[in-house]
Amino acid sequence: MTDSAPETPEIPPTPFHDLDAYVALPRTGGLTLSPDGSRLVTAVSTLNPDKTKYVTALWEVDPAGERPARRLTRSAKGESGAAFLPDGSLLFGSARPDPGSSGDDADDPVPLLWLLPADGGEARVVAKRPGGIGGVVVARESGTVIVASDTFPSSGDVESEEKRRKERKEKKVAAILHERYPVRYWDHDLGPDAPRLFAGTLHDGDTPLDDPAVELRDLTPDAGRALDSAGYDVSPDGSAVVTMWNMLERGGLRQSLVVVDVATGERRVLADHADYEFETPRFSPDGSTVAVVRGKRSTPTEPVDQKLVLISVADGTLRELTADWDRWPSAPRWTPDGSALIVVADDDGRAPVFRIDAATGAVTKLTSDDYAYSDIVVSPDGATVYALRTSYLEPPAPVRLAADVADQQSVPLPAPAPSPALPGTVAELETTTSDGVRVRAWLARPAGASATSPAPLLLWIHGGPLNSWNAWSWRWNPWLAVAQGYAVLLPDPALSTGYGLDFIRRGWGSWGKAPFTDLMAITDATVARDDIDETRTAAMGGSFGGYMANWVAGNTDRFDAIVTHASLWALDQFGPTTDAAFYWVKEMTAEMAAANSPHNHVDSITTPMLVIHGDRDYRVPIGEALRLWFEIASRAEAEDGEMPHKFLYFPNENHWILTPQHAKVWYQTVFAFLGHHVLGKDWEIPAILT
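Residues numbered from 1 in each chain as written. Predicted model: local features only at pLDDT ≥ 70, side-chain atom pairs only at ≥ 80, totals over all residues. Heavy atoms only, no water.

S.K.: I'm lost on the overall build of the protein chain in this one. Help?
M.R.: The secondary structure content of the protein chain amounts to 11 helices and 40 strands. If one aligns the C-alpha atoms of the protein chain with their principal axes, the spans along those axes are about 90 × 55 × 50 Å. Looking at the protein chain as a whole, 57% of its 690 residues are labelled buried. Contacts spanning at least 24 positions in sequence make up 56% of the contacts within the protein chain whose residues lie at least 6 apart. As displayed, the protein chain has an accessible area near 29,500 Å², and 50% of this comes from carbon and sulfur atoms. Distance from the positive charge centre (62 side chains) to the negative charge centre (96 side chains) of the protein chain: 3 Å. (Helix = DSSP H or I, 4+ residues; strand = E, 2+ residues; numbered from the N terminus. Buried < 20%, exposed > 50% of the residue type's maximum accessible area, 1.4 Å probe, protein only. Contact = heavy atoms within 4.5 Å. Areas by Shrake-Rupley, 256 points an atom, 1.4 Å probe, with all protein chains shown as cover. Lys, Arg positive; Asp, Glu negative; His and termini not counted. Charge placed at Lys NZ, Arg CZ, Asp CG, Glu CD.)

S.K.: Got a minute to help me understand the sheet that holds strand β21 (residues 276–283) in this structure?
M.R.: Two modes of strand pairing occur in sheets, parallel and antiparallel, and in both the strands are linked by backbone hydrogen bonds. Read across the open sheet, the four strands follow the order β21-β22-β23-β24; overall the sheet is antiparallel. What marks the edges here is a single partner per strand, and that holds for β21 and β24 (318–320). Strand-to-strand twist of the sheet, defined as the mean angle between neighbouring strand axes without regard to direction, takes the value 30 degrees. Relative to β24, strand β23 (residues 305–312) is paired through three bridges, and the arrangement is antiparallel. Among the inter-strand pairings, Val-309 is bridged to a residue of β24, identified as Glu-320. (Pairing = 2+ DSSP bridges. Axes fitted to C-alpha atoms, helices over the stretch in contact; angles between N-to-C directions.)

S.K.: Honestly, the sheet that holds strand β26 (residues 340–344) in this entry has me stumped. Any pointers?
M.R.: A sheet is described by the order of its strands in space; here four strands give the open sequence β25-β26-β27-β28, paired in antiparallel fashion. A strand with exactly one partner marks an edge of an open sheet, and here the two such strands are β25 (330–334) and β28 (363–365). With direction set aside, neighbouring strand axes in the sheet form an average angle of 25 degrees. Taken together, the three bridges between β25 and β26 define a ladder with antiparallel strand orientation. In the strand pairing of β26, Arg-333 is matched with Ile-342.

S.K.: How should the pattern of salt bridges be read in this particular structure?
M.R.: As a working rule, side chains carrying opposite charge can pair if their charged atoms are close by. Tallying each qualifying case throughout the model produces 45 salt bridges. Ionic pairing is found between Arg-267 and Asp-222, a salt bridge with its closest N-O pair at 3.1 Å. Taken as a pair, Arg-267 in strand β20 (residues 267–271) and Asp-222 in the loop between β16 (217–218) and β17 (232–234) lie far apart in primary sequence, 45 residues in all. Note that Arg-438 is salt-bridged to Asp-348, the shortest N-O span being 2.9 Å. Remark: Asp-348 occurs in the loop between β26 and β27 (353–357) and Arg-438 occurs in strand β34 (residues 438–446); sequence separation between them is 90 residues. Through salt bridges that share partners, Asp-348, Arg-350, Asp-370, Glu-428, Glu-430, Arg-438, Arg-440 and Asp-492 make up one connected network. (Salt bridge = Lys/Arg side-chain N within 4 Å of Asp/Glu carboxyl O.)

S.K.: Sorry, what's going on with the packing of helix α5 (residues 514–527) against helix α6 (residues 544–555) here?
M.R.: The relative placement of two packed helices is expressed as an angle between their axes plus a distance between the axes. One way to put it is that α5 packs onto α6 with a least axis distance of 11 Å and a crossing angle of 75 degrees. Between α5 and α6, the crossing angle belongs to the class labelled roughly perpendicular. On α6, the residues that touch Pro-515, Phe-516, Leu-519 and Met-520 of α5 are Phe-544, Met-548, Trp-551, Val-552 and Asn-555. (Parallel < 35°, antiparallel > 145°, perpendicular 65-115°, else oblique.)

S.K.: Teacher, can you tell me more about α5 here?
M.R.: Over its 14 residues, α5 runs 20 Å from end to end, which matches the ideal 20 Å to within 8%, given 1.5 Å per residue. The buried count for α5 comes to 11 of 14 residues, which makes it a mostly enclosed element. Among the residues of α5, Ala-514, Pro-515, Phe-516, Asp-518, Leu-519, Met-520, Ala-521, Ile-522, Thr-523, Thr-526 and Val-527 are the ones counted as buried. (Expected span 1.5 Å × (residues − 1).)

S.K.: Would you mind going over the pairing of strand β2 (residues 40–47) with me for this structure?
M.R.: On a regular strand, one side chain projects to one face of the sheet and the next to the other, so that they alternate. Of all eight residues that make up β2, seven are buried, and the element is covered over most of its length. Where strand β1 (residues 27–33) lies against β2, five bridges are found, and the strand directions are antiparallel. Directly across from Thr-32, in β2, lies its bridge partner Val-41. Between β1 and β2, which pair antiparallel one after the other, the connecting turn spans six residues, and Gly-37 there sits at a positive phi close to 80 degrees. With eight bridges joining them, β2 and strand β3 (residues 54–61) adopt antiparallel strand pairing. Paired with Ser-45 across the strands is Thr-56, a residue of β3. Taken together, β2 and the strand that follows it, β3, pair antiparallel across an intervening segment of six residues, in which Lys-51 is found at a positive phi of about 60 degrees.

S.K.: Help me out: how do you make sense of empty space enclosed by the protein in this one?
M.R.: Empty space left among the atoms is revealed by rolling a probe the size of a water molecule over them. On inspection of all chains with the given rule, the structure shows one cavity of 30 Å³ or more. Lining the largest cavity, in full, are Pro-26, Arg-27, Thr-28, Pro-395, Pro-396, Ala-417 and Trp-474. Of all the elements in the fold, those that place two or more residues in the lining of the largest cavity are β1 and β31 (394–402). Here the lining of the largest cavity is composed, by residue class, of five nonpolar, one polar and one charged. (1 Å grid on protein atoms, 1.4 Å probe; cavity = no way out; pocket = protein on both sides within 12 Å on 5 of 7 lines; lining within 4 Å. Points joined across faces, edges and corners; volume = space filled by probe spheres on them. Nonpolar A, V, L, I, M, F, W, Y, C, P; charged D, E, K, R; others polar.)

S.K.: Can you walk me through helix α2 (residues 158–170) in this structure?
M.R.: Residues lying three or four places apart along an α-helix face the same way, a consequence of the helix completing one turn every 3.6 residues. Between its first and last C-alpha atoms α2 spans 18 Å; for 13 residues at 1.5 Å apiece the expected length is 18 Å, and the two agree. For α2, the N-terminal capping position is held by Asp-157, with its side-chain oxygen 3.3 Å away from the main-chain nitrogen of Glu-159. (Polar contact = N/O pair within 3.5 Å; in protein donor to acceptor, adjacent residues only side chain to side chain.)

S.K.: So what exactly am I meant to see when it comes to a nonpolar patch on the surface here?
M.R.: A grouping of Ile-685, Ile-688 and Leu-689 is seen on the molecular surface, where their side chains present a nonpolar patch of about 290 Å² in accessible area. Looking at the secondary structure, you find Ile-685 in the segment after α11 (660–677). Residue classification places Ile-685 among the partly exposed positions, given a relative accessible area of 41%. (Patch = residues over 30% accessible without salt bridge, like charges linked within 9 Å, V, L, I, M, F, W, Y side chains within 5 Å.)

S.K.: It is not clear to me how the packing of aromatic side chains should be interpreted in this structure. Could you clarify?
M.R.: The description of an aromatic ring pair uses the distance of the two centres, along with the angle that the planes make with each other. For the structure shown, the criterion picks out 23 aromatic pairs. Here Trp-629 and Phe-647 contribute two aromatic rings whose centre-to-centre distance is 5.7 Å and whose plane-to-plane angle is 40 degrees, an arrangement assigned as tilted. Remark: Phe-647 occurs in strand β40 (residues 646–650) and Trp-629 occurs in helix α10 (residues 622–633); sequence separation between them is 18 residues. Looking at Phe-647, the relative accessible area reads 24%, which means it is partly exposed. (Phe/Tyr/Trp six-rings, centres within 6.5 Å; stacked < 30°, edge-to-face > 60°.)

S.K.: What is the right way to look at the pairing of strand β18 (residues 240–249) in this model?
M.R.: Burial within β18 is extensive, with eight of its 10 residues counted as buried. Looking at chain direction, β17 and β18 are connected through three bridges and run antiparallel. Its bridge partner being in β18, Val-234 is matched across the sheet by Val-241. In this structure, the hairpin formed by β17 and β18 is closed by a connection of five residues, where Gly-238 is found at a positive phi of approximately 75 degrees. Here 10 bridges tie β18 to strand β19 (residues 252–261), and the two strands are oriented antiparallel to one another. Opposite Asn-246, over in β19, you have Gln-255 as the bridge partner.

S.K.: Sorry if this is basic, but what is going on with the nonpolar core here?
M.R.: Nonpolar side chains in soluble globular proteins generally cluster together in the buried interior. Ranked by size, the top nonpolar core spans 54 residues in total, and within it Leu-459, Leu-489, Trp-511, Tyr-547, Met-548 and Ile-562 carry the most contacts. The residues contacting Leu-489, other than those within four sequence positions of it, are Leu-429, Ala-441, Trp-442, Leu-443, Leu-457, Leu-458, Leu-459, Trp-460, Ile-522, Thr-523 and Thr-526. One finds Ala-444, Val-482, Val-488 and Leu-648 within the second-largest nonpolar core, a separate group that totals 40 residues. (Core = buried A, V, L, I, M, F, W, Y, C linked by side-chain atoms within 4.5 Å.)

Printed below as a string of structure tokens:
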């Protein structure tokens with residue numbers, strides 16, 4: 001009689017055991033607060049009836065936490081970009097059909113500006129532009145509305161803009177003439193139109209039958225490409241706009257700040273420096289000061305650094321507020337009395353909320369939990385902060401916390417989308433590297449993992465590289481792998497944020513050194529656990545994580561399989577072809593690129609690799625994957641007639657695989673590949689790919 005194998009506890013099914021159920025989970029994002037503090041609005045994305053794309057609707061959340069969330073909008077096109085007017089009416093963008101339109105634009109809809117009255121009633125269109133409307137911000141006191149709209153350089157009015165668009169469409173002309181760099185950004189071409197800022201105020205019509213409308217005026221007719229991806233804000237009285245402004249320089253651009261007078265359109269530079277860039281500007285409550293994150297531009301020998309600074313609107317005098325704080329603040333929000341700013345910053349595998357005194361720069365950590373916070377808004381009385389919080393235990397959801405209490409726990413509010421059940425648990429672990437540096441990670445484990453039933457290990461390497469595994473990700477979700485039986489290791493190696501500038505310096509310009517050895521050290525510590533099976537391991541990553549996956553493949557054979565997504569392969573080729581080559585030259589010299597390029601180690605690769613890439617990825621161009629695939633495929637030796645490597649190609653996806661059915665294919669292929677090489681299963685191509 002032989003001993004029977006230990007029984008594995010049966011795990012109740014969760015949405016992560018079924019990809020159809022997973023892609024159907026609602027996804028919450030964004031937060032805005034009404035002027036009187038009585039209404040919170042967020043956006044929730046759900047599948048359309050065909051299950052081929054996500055559609056976003058606006059939901060209201062009770063700040064007091066007493067009433068359940070309620071849906072405000074519903075359309076096949078979805079809604080986004082919510083902003084409140086002073087009277088409590090809600091503005092939002094949507095490409096849904098305008099009931100008052102002739103229907104001429106039905107074949108090529110663009111987002112219009114809609115208004116949902118505070119006292120109820122039907123939403124109605126209050127402004128439109130031929131290139132669509134987005135980026136809505138509203139002056140808290142005056143109600144002045146600022147929007148962005150893509151506009152052709154030759155257009156001086158709506159009529160000329162419509163004419164140019166119609167002509168190009170009818171003649172099927174898609175050509176773009178570039179006269180400056182860059183020409184692409186992440187997933188889209190720059191041009192032929194470009195963003196401009198427009199201003200207006202909601203006015204009643206000439207008769208009682210006329211609906212109120214916002215007559216938009218062009219504030220930046222000569223902007224060119226200066227407003228690409230620019231963040232901006234409007235002063236409380238509506239008299240001025242502060243915006244990021246792309247300044248041309250040799251081979252690229254840098255981000256400065258300008259102030260635009262709303263009445264006249266006159267523009268003046270508020271902050272510009274060859275060594276710094278400025279982002280996320282925010283007017284103080286009295287309009288006299290702008291809070292902004294100033295980033296010191298990197299060089300091949302010194303990384304970027306970010307500080308919160310205050311700039312006088314009157315004369316541009318600048319005061320650095322967080323000079324001695326070794327963290328990177330983001331998205332500042334003023335308290336209503338102007339005495340402090342509320343920010344979020346990566347910190348030790350979390351992203352807490354911090355309060356920064358506007359006079360002294362003193363930093364108070366408001367939250368002391370394992371969450372990452374975002375979308376901060378502050379109540380009108382300054383007593384409460386609302387935010388979305390997330391961790392690896394729950395997707396983003398609305399919460400509230402006190403604005404001046406240190407080390408507190410945030411209070412959940414009734415959310416539109418409940419958190420799904422998880423197929424396992426999360427632990428935090430750390431190790432000390434050979435050079436004496438602490439490296440930490442999250443470890444998501446299946447519920448049944450134990451010393452008698454150890455789980456195979458999947459090392460997931462984050463992108464960035466200036467990033468941290470500290471928040472829920474719908475795109476890179478470890479629980480799908482956990483549901484397949486894997487333990488998933490989510491480490492923060494050198495170059496990760498939230499550990500100080502020296503931790504970033506360890507890997508700066510040396511991607512193949514400390515980041516790699518940190519990953520191997522934390523992997524060693526993890527496989528030493530008795531609930532981890534060190535004989536069955538794999539590694540994967542995307543973007544910079546894909547770079548590291550390629551580097552791992554050429555520098556160790558310890559893993560059974562490697563998945564590399566949107567990855568850098570030949571750094572000499574990548575540098576000039578990425579969408580922001582001007583940034584890359586500040587990252588590495590040619591010598592650094594040669595020393596850290598994974599393609600130089602191709603002859604050492606013996607581990608089966610799954611290469612994944614989208615053709616419309618402009619940050620890491622498809623040429624990286626094509627060259628990687630050729631170079632490993634041409635060297636591969638078939639085993640039992642089977643090519644060990646695979647290439648999953650998405651012709652119409654970009655850096656991220658975003659459409660629901662493609663996301664399913666992505667995970668199906670990844671798990672089939674890992675199952676074959678790590679778990680010993682037969683190779684089985686997802687049915688829809690056969």
